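Chains, contacts and geometry: an overview
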Amino acid sequence: MINYFLKYYIYDSVKKSFRSSFILPLLTIIVGSLVMMLSFSIMEGFSKEIKNTVYFFDKEHSILINKNEFINNNSDKDIENFINYLIKKEYFFNSYEDRVMFIDGNQNKITTKVYGINQFENFSPLVYLLNSSNSNNLRGLSDCYIGYNHSINLNIETGDSIQLHSILDFNNLSSFPSKNYNIKGIIKTNIPRYDNSVYTQYDSLLFRKNIFLNINLNKPISKQDLNEINNKFASGYYYNEKSHLFSELFYAINFEKLFYLYIGLFIVLISGIMIIGFNVSSIMRNVSKIALLEVIGLQKKHISLSYFYYGIFISSIGFIGALFIFKILLFFDTNYQIMNYIFDPNVYFNFNLELSNNIIIRIFLLDIFLISLSNIYPLYKISKLDIIESIKNRV
C-alpha cells in the first residue's frame, strides 16, 4: 500500500523522478510557511525589544492623578496614602510629573521635557546609560540624567552641569525659578520621547503649577484591589488599564504581523489550488484504474482517504522543511547576527528573532487546514464516479 501511495502521488517510476504534482505544491507550502515564521519571528523580536525599551520608564498600566481634583475631594495627605497603598500591594513602579523647561548648558539653550521623579534615588536606567559618574559631582549640585539627543545638541557630557528654567507664568517671562544640576549619566534608548528629555528629582518649586501626577504600575490592578481603591478614595484619578502611551505603536506592529501572515497564507493557498488541479487531473487520467480498484473490493471512501492522507502528508513535509530552514537561519542569526545586515542596529533596534511554540503549532494547523480544504473537490469527484463508465475511461 505504501509503495502504491509513493508511486501514485510522489515518485514517477517511468521518468525516474519526483512528480511535478508533488514538488510544486511542496515548494509553495515551504515558502508560505517560511514567510509566516520569519515575519512573526522578526515582529515578535522587534516588539519585545521595543517593549523592554519603552517600559524602562513608562509602563503599560498607569494611574493619572489630577492633583487639584483629588485634593478637593479627598485631602492633601491622601495622595501619599494612595501611593503607599500601591507600594504595599506591590503595584507601584514609579511616579513623576513632567513639564517643558529651558535648558542652559555649555552656552547653548534649548527647550525640553523634564521628568520630576519621586524617589529619584531608585531610578537607575543602567541598561540605557552610555556612561555614568558618582565621583564628578564636586559642586554639591543635585543629580540628573539627560537624554542622548540633548547631550549632542548641547555638546555636554557626564560630569558637566546644566541649568533648568521652569516657566510658571507666561505673563511674567522675566522671572521664573531655575536650578543647577550635575549630569550623572546620559540615557540612550533610540526613542525620541526619552532621548529628548531630562530626568531629575521632583522639585516642588520647578513643578509648582503642575496639575497631573503620573503613577506607573508593575502590573494591572486586580478587581478586588480596584474596588478597595474606589471605596477609599474619591474622584480625581484615572486608571489606564488598556490604553497607554505606545498603544498605537503596538497596534501597528500587530497589524503588520497579520499582513505578513496573510501573505504566507496566500502562498499556501496557491499550493492548495495546485493540489486541486493536480488531483483532478490525476483522477481523470487514472479513472479506469480507480474503477478497477473498486471492482476488486476497495471502497470509494478508502480511495478518497488516500487523497486526504496525501494532503496531510505534503503539508506536514512542507511545514517541516520550512521549520528546518528557519532553524538554520535562527542558528546563523544567533551566532553571526545575520539580521544586522538587513536591519542595521544603528538605525533600528538590535533585536533577536523570537518565535514561540504556540505560533509554530498555529502555522502547522493552518497549513493542514488549507491543504485539507483543497481535497474537498477531488473527494467529491471520486464519489460521483460510475464504475461501468469509468472502466470505459469516461466520466
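The structure we're discussing is the one just above.
Read on for an overview of the structure. From a predicted model like this one, the values you see are computed outputs, not experimental measurements. (Residues numbered from 1 in each chain as written. Predicted model: local features only at pLDDT ≥ 70, side-chain atom pairs only at ≥ 80, totals over all residues. Heavy atoms only, no water.)

For the rest of this paragraph, the subject is the packing of aromatic side chains. Within a pair of aromatic rings, the relevant descriptors are the distance that separates the centres and the angle that separates the planes. Under the criterion given, the structure shown has 27 aromatic pairs. Consider the rings of Phe57 and Tyr194, whose centres lie 6.2 Å apart with planes at 80 degrees: the pair is edge-to-face. Here Phe57, found in the loop between helix 2 (20–54) and strand 3 (61–66), pairs with Tyr194, found in helix 6 (residues 192–195); they are 137 residues apart in sequence, far enough to count as distant. You'll find Phe57 and Tyr194 in the same group, each marked buried. Ring geometry for Phe57 and Tyr199: centres 5.4 Å apart, planes at 80 degrees, overall edge-to-face. Highlighted residues: Phe57 in the loop between helix 2 and strand 3 and Tyr199 in strand 10 (residues 197–201), separated in sequence by 142 residues. Each member of the pair Phe57 and Tyr199 is classed as buried. Linked through ring pairs, Phe56, Phe57, Tyr96, Tyr115, Phe120, Phe123, Tyr128, Tyr145, Tyr194 and Tyr199 together constitute an aromatic cluster. Between the NZ or CZ atom of Lys188 and the centre of the ring of Tyr148, over which it lies, the distance is 4.6 Å. (Phe/Tyr/Trp six-rings, centres within 6.5 Å; stacked < 30°, edge-to-face > 60°. Helix = DSSP H or I, 4+ residues; strand = E, 2+ residues; numbered from the N terminus. Buried < 20%, exposed > 50% of the residue type's maximum accessible area, 1.4 Å probe, protein only. Lys NZ or Arg CZ within 6 Å of the ring centre and 35° of its normal.)

On to helix 4 (residues 78–88), then. Each full turn of the α-helix corresponds to 3.6 residues, which orients residues three or four apart in the same direction. Three or more residues of helix 4 are buried, namely Asp78, Ile79, Phe82, Ile83, Tyr85 and Leu86. An end-on view of helix 4 places all buried positions within 155 degrees of arc, on one side of the element. Seen from the buried face of helix 4, the exposed residues on the opposite side, beyond 90 degrees, are Glu80 and Lys88. Where the residues of helix 4 are buried, they touch strand 3, helix 3 (67–73), strand 4 (92–105), strand 11 (212–217), helix 7 (223–232) and strand 12 (237–240). Positive phi shows up at Glu90, right after helix 4, with a value of about 65 degrees. (Arc of directions from axis to C-beta. Contact = heavy atoms within 4.5 Å.)

The next point concerns unusual backbone geometry. The backbone phi angle of Glu90 is positive, close to 65 degrees, even though this residue is not glycine. Looking at where Glu90 falls in the secondary structure, it is placed in the loop between helix 4 and strand 4. On the accessibility criterion, Glu90 (58% relative accessible area) is exposed. Of note in the backbone geometry, Gln119 takes a positive phi value of approximately 55 degrees without being a glycine. On the secondary structure map, Gln119 appears in the loop between strand 5 (108–117) and strand 6 (129–132).

Our focus in this paragraph is the pairing of strand 9 (residues 178–187). Bridging between strand 7 (residues 142–147) and strand 9 involves six bridges; their strand directions are parallel. Paired with Tyr145 across the bridge in strand 9 is Gly185. (Pairing = 2+ DSSP bridges.)

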